[in-house]
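Descriptive analysis of the structure
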Amino acid sequence: MSNTVDTDREPVQTFTPREFHRQAHDALGNPQIRANFRRAMDGLMAKRREVFSDWELETLRELGANIRLRALAKLPDLLEQLEANCQANGIKVHWAEDGDEACRIIRQICERHEAKAVIKGKSMVTEEMHLNAHLEAAGIEALESDLGEYLVQLNQQTPSHIIMPAIHLNTDEISEIMHDKTGTERTRDVDIMTAAARAQLRERFMAADVGISGVNFAVAETGTLCLVENEGNGRMTTTVPPVHIAVTGIEKVVEHLRDVAPLYALLTRSATGQHVTTYFNMIGSPRKPGERDGPQEVHLVLVDSGRSNIYQDDELLDTLRCIRCGACMNHCPVYTRVGGHTYGTTYPGPIGSILMPHMMGLEETRDLPTASSLCGACGEVCPVKIPIPDLLVRLRREAVGEGRGNVPGAGVKRSKKEVAAWKGFQWLATHPSVWRSST
């Protein structure tokens, strides 16, 4: 087995939100994708039901929603408090208005340390800003260490789920990818494939100049960065390389350390049906004198990328409550049949349909708010009670120019013919004698 990772191959397929309908049609006609997602989603829904069976779920959801709403109500102050406490702990804080600026900041930190190789823990924000491509263009190798992210990177794909990036692949497909790209023997034994990936990645952890991770919760009160994971790659990423860069959206801040426990309980149970994850990392500072491990430098990059605009709308603000559990995807009758790649965006499914229009504009994402049956399942299972169906309706109004006009690309789907037709129907329906005559 080779320890090298070959990623020189043509991309499997390129997806774009502009082609959502065509991509959905293709996915519906692919029995393998349908089977892979059906099996995976049924299992995740069953685990979630079972793990919450002995909890007062609605009480916990109400608590989680209130914690997130309280944090958002104080967001500007909490971000300043987070910055001050992180700096007091020795963490260097950087602010990025958008993904391009965040990429430049990270590249400059890497170049300052003459980094040639970066190892990455799971981070949807770095996916959102295409960090890997930016670093590789600067001659810096960026390797994903989360097993699912590692597999989709090998296969030149993007994640199809925010929690389980390779959920669209079955065992045989994974075996073929690993054999083709790393020389691992073909096998259906998951333990053998996992051990092979672990052996390949362990060497890269030790050789990396910089480790990059996401953040699940950033605690303003203590300046603590919390990282939730199952594989240990997050802990390796944040402790083995001499430099650690944590990247997060500005909405991930919580006010108090005690707020983390209920959110963690909701996150793990909603995402994978676990009571707790294997690892829960709390990063408070660089390595201190006398400590035997940990990075010499820790950086925190706070990314806006349209979040401030969402924050200014008293309805759409609810979008920022999200704790990235993926439960809305697991229960969505659209997502579970067409998969994540169909959406052509970093965040697919219901949460992507209300978040990506702000990041990419309704010109690009015009079909996403209507990629829903409005059955309400996403809102019913959201652990922090985001009213996703209401927000989808709001974005539909924005798309046809009947909202407040503060979403990029508002009015892009407005049709003069359609407006005239509905006005004609309105007039007809409000004149009973004409209505009776015409029908």
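Before reading on, note that the structure itself is shown above.
A short tour of the structure in this document, coming up. (Residues numbered from 1 in each chain as written. Predicted model: local features only at pLDDT ≥ 70, side-chain atom pairs only at ≥ 80, totals over all residues. Heavy atoms only, no water.)

This part is about the overall build of the chain. When helices and strands are tallied, the chain shows 21 helices and 10 strands. Taking 22 Å as the expected radius of gyration for a compact globule of 439 residues, we find that the chain reaches 23 Å, a close match to that expectation. Buried positions account for 54% of the 439 residues belonging to the chain. For the chain, restricting intrachain contacts to residue pairs at least 6 apart in sequence, the fraction spanning at least 24 positions comes to 74%. Accessible surface, the chain: about 19,400 Å² in total, of which carbon and sulfur atoms supply 50%. Between the centroid of the 49 positive side chains of the chain and the centroid of its 58 negative side chains there is a distance of 5 Å. (Helix = DSSP H or I, 4+ residues; strand = E, 2+ residues; numbered from the N terminus. Rg over C-alpha atoms; globule rule 2.2 N^0.38 Å. Buried < 20%, exposed > 50% of the residue type's maximum accessible area, 1.4 Å probe, protein only. Contact = heavy atoms within 4.5 Å. Areas by Shrake-Rupley, 256 points an atom, 1.4 Å probe, with all protein chains shown as cover. Lys, Arg positive; Asp, Glu negative; His and termini not counted. Charge placed at Lys NZ, Arg CZ, Asp CG, Glu CD.)

So, on to the packing of aromatic side chains. Using the criterion set out here, one finds six aromatic pairs in the structure. For the pair Phe37 and Tyr335, a centre-to-centre distance of 5.6 Å together with 85 degrees between the ring planes defines the contact as edge-to-face. In this pair, Phe37 sits in helix α2 (residues 31–51) while Tyr335 sits in helix α15 (residues 335–338), placing the two residues 298 residues apart along the sequence. The interplanar angle of 90 degrees and the centroid separation of 5.8 Å between the aromatic rings of Trp422 and Phe425 together place this pair among those described as edge-to-face. Of this pair, Trp422 and Phe425 both sit in helix α20 (residues 416–429), three residues apart, which is roughly one turn of the helix. Here the aromatic residues Phe20, Phe37, Tyr335 and Tyr343 are joined through ring pairs into a cluster of three or more. (Phe/Tyr/Trp six-rings, centres within 6.5 Å; stacked < 30°, edge-to-face > 60°.)

Let us look at the side chain of Ser305. Along the chain, Ser305 falls in the loop between β10 (297–303) and α13 (307–311). Look at Ser305 and you get buried, because its relative accessible area is 15%. Only 3.2 Å separates the side chain of Ser305 from the backbone nitrogen of Gly99, close enough to count as a polar contact. Apart from residues lying up to four places away in sequence, Ser305 is in contact with Glu97, Asp98, Gly99, Glu128 and Met359. (Polar contact = N/O pair within 3.5 Å; in protein donor to acceptor, adjacent residues only side chain to side chain.)

Okay, the state of the cysteines next. Tallied over the entire structure, the rule returns zero disulfides. Of the cysteine sulfurs around Cys103, a residue in no disulfide, the closest is that of Cys110, at 11 Å. Taking relative accessible area as the criterion, Cys103 reaches 2% and is therefore assigned buried. In this structure Cys322 is a free cysteine whose sulfur lies 6.5 Å from that of Cys325, the closest cysteine sulfur available. Its relative accessible area of 8% is what places Cys322 among the buried residues. (Disulfide = S-S within 2.5 Å.)

Looking now at the nonpolar core. With 104 residues, the main nonpolar core has Ile106 and Ile245 as its most contacted residues. In terms of residue count, helix α12 (residues 260–272) provides more of this core than any other element does, seven residues in total. Within the second largest apolar cluster, 18 residues are counted, among which are Tyr150, Leu154, Ile177 and Met193. (Core = buried A, V, L, I, M, F, W, Y, C linked by side-chain atoms within 4.5 Å.)

This part takes up the pattern of salt bridges. Two side chains of opposite charge can pair, provided their charged atoms sit close to one another. Tallying each qualifying case throughout the model produces 24 salt bridges. The partner of Glu176 in a salt bridge is Arg186, and the shortest N-O contact between them spans 2.9 Å. You can see Glu176 sitting in helix α9 (residues 171–182) and its partner Arg186 sitting in the loop between α9 and α10 (190–207), a full 10 residues away along the chain. For Glu176, a relative accessible area of 36% translates into the label partly exposed. Residues joined by salt bridges that share partners form a network here, namely Asp313, Asp314, Glu315, Arg394, Glu398 and Arg404. (Salt bridge = Lys/Arg side-chain N within 4 Å of Asp/Glu carboxyl O.)

What follows concerns the sheet that holds strand β6 (residues 224–229). Read from one edge of the open sheet, four strands run β8-β5-β6-β9, paired in mixed fashion. The outermost strands of the open sheet, each flanked by one partner alone, are β8 (253–254) and β9 (279–283). Examined bridge by bridge, strand β5 (residues 217–219) and β8 share two bridges and lie parallel to one another. The residue bridging Ala218 from the neighbouring strand is Val253, located in β8. Against the sheet, α12 contacts β5, β6, β8 and β9, and its axis sits at roughly 180 degrees relative to β5. (Pairing = 2+ DSSP bridges. Axes fitted to C-alpha atoms, helices over the stretch in contact; angles between N-to-C directions.)

Once that is clear, we can look at the environment of Leu368. Within the fold, Leu368 resides in the loop between α17 (362–365) and α18 (377–381). For Leu368, a relative accessible area of 0% gives the class buried. Apart from residues lying up to four places away in sequence, Leu368 is in contact with Phe20, Tyr343, Thr345, Gly352, Ser353 and Met356.

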